[in-house]
Amino acid sequence: LNALAAAAYDEGKRLHVNTQFCGTRENPDLRGSITGIGETGFTPGALALGVLQGMADELHDGFNPAAHPQINRLVASGNAVRRNPVLRRLLSDTFSMDLYLPVQQEEAALGAALWGGVSAGVLSYPQAKHLICLEAR
């Protein structure tokens, strides 16, 4: 699916997929949808790309750049982003920012350990922040 989504991205084949399959906090009855289906554009690649774009759009909908003008780079974590170059491209495109991933691959475990260190007084917040290494993707 990654290869098919990448080909659809490069070819500009787009479907609009609303990925709110389980609703939202405001509207739990909301369900996902697919629009833009035509005679030639309803392909597995376009559908995969549409789902990935829907995920990026849903994340972006919760972000207010005007409230945080100092934010100039996007940091993402988890295997969905790490293993999917198309999702990384879409996130970068959607947020209009360079995307960075932590070098460490067990982000949740590292975060829990760092938070434990800060909470126990073994690390300061700046020390913990310094231990998170990022690389551009």
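As a reminder, the structure under discussion sits directly above these lines.
Residues numbered from 1 in each chain as written. Predicted model: local features only at pLDDT ≥ 70, side-chain atom pairs only at ≥ 80, totals over all residues. Heavy atoms only, no water.

### Comments concerning the overall build of the protein chain
Working step 1: Counting its secondary structure elements, the protein chain contains six helices and five strands.
Working step 2: For the protein chain, the sequential pattern of α-helices and β-strands runs α-β-β-α-β-α-α-β-α-α-β.
Working step 3: Taken over the C-alpha trace, the protein chain has a radius of gyration of 18 Å; the compact-globule value for 137 residues is 14 Å, which it surpasses by more than 25%.
Working step 4: In the protein chain, which comprises 137 residues, the share counted as buried stands at 28%.
Working step 5: Counting contacts in the protein chain only where the partners sit at least 6 residues apart, residues at least 24 apart contribute 65% of the total.
Working step 6: When the accessible surface of the protein chain is split by element, carbon and sulfur atoms take 57% of a total near 8,900 Å². (Helix = DSSP H or I, 4+ residues; strand = E, 2+ residues; numbered from the N terminus. Rg over C-alpha atoms; globule rule 2.2 N^0.38 Å. Buried < 20%, exposed > 50% of the residue type's maximum accessible area, 1.4 Å probe, protein only. Contact = heavy atoms within 4.5 Å. Areas by Shrake-Rupley, 256 points an atom, 1.4 Å probe, with all protein chains shown as cover.)

### Brief notes about helix 4 (residues 85-95)
Working step 1: Restricting attention to buried positions, one finds in helix 4 the residues V86, L87, R88, L90, L91, T94 and F95.
Working step 2: On the buried face of helix 4, the contacting elements are helix 1 (2-11), helix 2 (44-61), strand 3 (73-75), helix 3 (79-82) and strand 4 (98-102).
Working step 3: The backbone nitrogen of V86 has a side-chain oxygen 3.1 Å away, supplied by the residue at the start of helix 4, namely N84.
Working step 4: Two residues or fewer past helix 4, S96 is found with a positive phi of approximately 55 degrees. (Polar contact = N/O pair within 3.5 Å; in protein donor to acceptor, adjacent residues only side chain to side chain.)

### A closer look at the pairing of strand 4
Working step 1: Across the five residues of strand 4, four count as buried, placing the element largely inside the fold.
Working step 2: Pairing of strand 3 with strand 4 involves three bridges; the strand directions are parallel. When the bridges of strand 4 are listed, R73 appears paired with D98.
Working step 3: Note that strand 4 and strand 5 (residues 134-136) share three bridges and pair antiparallel. Within strand 5, the position partnered with Y100 by the bridge is A136. (Pairing = 2+ DSSP bridges.)

### With respect to the packing of helix 1 against helix 4
Working step 1: Taken N-terminus to C-terminus, the directions of helix 1 and helix 4 make an angle of 40 degrees; their axes are 9 Å apart at the nearest point. Considering their axes alone, helix 1 and helix 4 lie oblique with respect to each other. Contacts between helix 1 and helix 4 involve N2, A5, A6, Y9 and D10 from the former and V86, R89, L90 and D93 from the latter.
Working step 2: Residue composition of the contact of helix 1 with helix 4, by class: five nonpolar, one polar and three charged. (Axes fitted to C-alpha atoms, helices over the stretch in contact; angles between N-to-C directions. Parallel < 35°, antiparallel > 145°, perpendicular 65-115°, else oblique. Nonpolar A, V, L, I, M, F, W, Y, C, P; charged D, E, K, R; others polar.)

### With respect to the packing of aromatic side chains
In this description, a pair of aromatic rings is defined by centroid distance and the angle of the planes.
Working step 1: If you walk through the whole model with that rule in mind, you get one aromatic pair.
Working step 2: Taking 5.6 Å as the distance between ring centres and 50 degrees as the angle between the ring planes, the aromatic pair formed by F63 and F95 counts as tilted. Note that F63 is positioned in the loop between helix 2 and strand 3 and F95 in helix 4, a separation of 32 residues in sequence.
Working step 3: In this structure F95 comes out as buried when scored by relative accessible area, which is 11%.
Working step 4: The lysine or arginine in question, R73, covers the ring of Y100, its NZ or CZ lying 5.0 Å from the ring centre. (Phe/Tyr/Trp six-rings, centres within 6.5 Å; stacked < 30°, edge-to-face > 60°. Lys NZ or Arg CZ within 6 Å of the ring centre and 35° of its normal.)

### A closer look at the layout of surface pockets
Think of a ball as big as a water molecule: rolled over the atoms, this probe shows where empty space is left.
Working step 1: Empty space within the largest pocket amounts to approximately 290 Å³.
Working step 2: Breaking the lining of the largest pocket down by element, the ones donating at least two residues are helix 5 (107-119) and helix 6 (125-130).
Working step 3: The element best represented in the lining of the largest pocket is helix 5, accounting for four residues.
Working step 4: Here the lining of the largest pocket is composed, by residue class, of seven nonpolar, one polar and two charged. (1 Å grid on protein atoms, 1.4 Å probe; cavity = no way out; pocket = protein on both sides within 12 Å on 5 of 7 lines; lining within 4 Å. Points joined across faces, edges and corners; volume = space filled by probe spheres on them.)

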